[in-house]
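Below, each chain spelled out in residue letters.
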Amino acid sequence: MQKTPILAATVALLGLTAPSLADPTLVGIWYSPFQPDEPNVMSLIEFKADGTFREEFRKCDNGDFVGYQTEAGTWSVADDVEHINANSINGDPATAEADYKIVSLTDSERRIRMDPQGFIFVGHRVMSFEFPDCATGT
């Protein structure tokens, strides 16, 4: 007689799917080659496990670096909504909040939507917090 683990048998009987051992997480560094609401702007954001984030934006024009902004603060997720609370912009104290609907999240890609505008932001997981050159980044 073949033995079936109790969890596997219960899952099969109830028609449930087995839980993922490691669901995708926002924690890590994400690169976006463009911003749908700002032409020629690329961004890097690092979500840390302690609920803090840092983000940098770079604007390029005709292959030249022409603008830069930094943000830092806290982040959270509830009901598939990513909440960002920036308490620092370019190193100065600030208060800026935004909510984004998480459209999809995998180990390698993050798609979020800013409502009511409907802008879709696409980020790809990267290993280091480094921008490509403007010539190759936009």
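Just so you know, these numbers come straight off a predicted model, no measurement behind them.

**Student:** Got a minute to help me understand the sheet that holds strand β8 (residues 119-126) in this structure?
**Tutor:** Sheet strands associate in pairs through backbone hydrogen bonding, adopting either a parallel or an antiparallel arrangement. One closed barrel accounts for 8 strands, arranged β1-β2-β3-β4-β5-β6-β7-β8; its pairing is antiparallel. Neighbour-to-neighbour, the strand axes of the sheet open up by a mean angle of 35 degrees, direction not taken into account. Note: strand β4 (residues 64-78) against strand β5 (residues 81-89), 8 bridges, orientation antiparallel. Directly across from Ser76, in β5, lies its bridge partner His83.

**Student:** Can you help me understand the state of the cysteines in this one?
**Tutor:** Among covalent bonds in proteins, the disulfide is the one between the sulfur atoms of two cysteines. Throughout the structure, instances matching the rule amount to 1 disulfide. Between Cys60 and Cys134 runs a disulfide, and the two sulfur atoms are separated by 2.1 Å. Its S-S torsion of approximately -70 degrees makes the covalent link between Cys60 and Cys134 left-handed. Taken together, the residues span a long stretch of sequence, with Cys60 in strand β3 (residues 52-61) and Cys134 in helix α2 (residues 134-137) at a distance of 74 residues. Relative accessible area serves as the criterion here: at 11%, Cys134 is assigned to the buried category.

What counts, and where the lines are drawn
- The written sequence of each chain sets the order in which its residues are numbered from 1.
- Per-residue local features are limited, in this predicted model, to residues with pLDDT of at least 70; the limit for side-chain atom pairs, both in listing and counting, is 80 or more; totals at the level of whole chains, interfaces and linings are taken over all residues.
- Side-chain measures here rest on the full set of heavy atoms in the structure, leaving out hydrogens and waters.
- DSSP bridges decide pairing: two strands pair if at least two such bridges lie between them.
- Numbering of helices and strands runs from the N terminus, with a helix taken as a DSSP run of H or I at least four residues long and a strand as a DSSP run of E at least two residues long.
- Axes here refer to lines fitted to C-alpha atoms; in helices the fit is confined to the stretch in contact. Angles between the N-to-C directions go from 0 to 180 degrees.
- When two cysteine sulfur atoms are found within 2.5 Å, that pair is recorded as a disulfide.
- Burial classification: accessible surface area is computed with a 1.4 Å probe over protein chains only, and a residue below 20% of its type maximum counts as buried, one above 50% as exposed, and the rest as partly exposed.

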